[in-house]
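Fold and geometry: a report
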Amino acid sequence: MKVSIIVSITADGFIAQNKEQSSLQWTSKEDTKFFVEYTKKVGVLIMGSTTFETINRPLPNRKIIVLTRSKKYDQFSPDQVVAEGREIKEIIKELEASGQQEVAITGGASIYTQFMKEKLVDELYLTIEPIVFGSGIKLFNEALDQKLELVEMIDLSGQTKVLHYKIIQ
Ligand SMILES: NC(=O)c1ccc[n+]([C@@H]2O[C@H](COP(=O)([O-])OP(=O)(O)OC[C@H]3O[C@@H](n4cnc5c(N)ncnc54)[C@H](OP(=O)(O)O)[C@@H]3O)[C@@H](O)[C@H]2O)c1
């Protein structure tokens, strides 16, 4: 099973100005379209509860696994949104055993970092938007030392590019 990080960053490496900020507030419509199409193709998304709170609703035709140690999302159908507090390795193993082909890791910083540290990530789709924040939430929030291989650059528009990397295992 392929595990892919999907993220949009500013030209200076931030994913948000603060925890409450939704990516839709600053990313391009082309990137939103890329995110929607890619995640619909994958079908299963994993995100932290802080990121989920910025969306706070199911996403059509996708299942969201929300990592949380304290929250419940019983108001949503478990086919659409499910709270999960187990070890991330266990969640990945179970998805793989169920025959899932790919899972999209959709943030935020704490989730991206944990998946990288546990060496669970195969690929990285990094959209670079033409904006700088100067301060805020960085893509990763702990030290990492991971080499990448550039697979391709996807042109979403004249202004917005996706760098698609493979993780060198
Ligand atoms: N630009 C982008 O592409 C992009 C993408 C995604 C997110 N973001 C932004 O990133 C920001 C949020 O990032 P963040 O790092 O602060 O928060 P986050 O990673 O979205 O969520 C962190 C929360 O998830 C839960 N959690 C974390 N690790 C867990 C684990 N191993 N098991 C169970 N629960 C776990 C904890 O919540 P509980 O208290 O519920 O246990 C923790 O407080 C938001 O501003 C969001 O908009 C940007």
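The present account deals with the structure reproduced in this document. (Residues numbered from 1 in each chain as written. Predicted model: local features only at pLDDT ≥ 70, side-chain atom pairs only at ≥ 80, totals over all residues. Heavy atoms only, no water.)

Our focus in this paragraph is the side chain of S4. Structurally, S4 can be placed in strand β1 (residues 2-10). A relative accessible area of 0% places S4 in the buried class. Apart from residues lying up to four places away in sequence, S4 is in contact with Y38, E102, V103, A104, I105, E123 and Y125. (Helix = DSSP H or I, 4+ residues; strand = E, 2+ residues; numbered from the N terminus. Buried < 20%, exposed > 50% of the residue type's maximum accessible area, 1.4 Å probe, protein only. Contact = heavy atoms within 4.5 Å.)

This paragraph deals with the sheet that holds β1. Ordered in space as β5-β4-β3-β6-β1-β7-β10-β9, the 8 strands form an open sheet in which the pairing is mixed. A single partner strand is all that each edge strand has here, and the edge strands are β5 (81-84) and β9 (148-155). The mean angle between the axes of side-by-side strands here comes to 25 degrees, regardless of whether they run parallel or antiparallel. Strand direction decides the pairing type here: strand β3 (residues 44-48) and strand β4 (residues 63-67), joined by 5 bridges, are parallel. Paired with V44 across the bridge in β4 is K63. Packed onto the sheet, helix α4 (residues 109-117) meets β1, β3, β4, β6 (102-105) and β10 (161-167) and runs at close to 140 degrees relative to β1. (Pairing = 2+ DSSP bridges. Axes fitted to C-alpha atoms, helices over the stretch in contact; angles between N-to-C directions.)

The next subject is α4. What α4 keeps buried is the set A109, I111, Y112, T113, F115 and M116. K119 occupies a position one or two residues after α4 and carries a positive phi of about 60 degrees.

In this approach, a probe sized like a water molecule rolls over the atoms, and the result shows the empty space that is left. One number sums up the size of the largest pocket: a volume of about 1200 Å³. Forming the walls of the largest pocket are 49 residues, and the residues nearest its centre are M47, T51, T106, G107 and G108. Listed by contribution, the elements that provide at least two residues to the lining of the largest pocket are β1, β2 (14-16), α1 (29-42), β3, α2 (49-55) and α4. Here the lining of the largest pocket is built from residues that sort into 19 nonpolar, 21 polar and 9 charged. (1 Å grid on protein atoms, 1.4 Å probe; cavity = no way out; pocket = protein on both sides within 12 Å on 5 of 7 lines; lining within 4 Å. Points joined across faces, edges and corners; volume = space filled by probe spheres on them. Nonpolar A, V, L, I, M, F, W, Y, C, P; charged D, E, K, R; others polar.)

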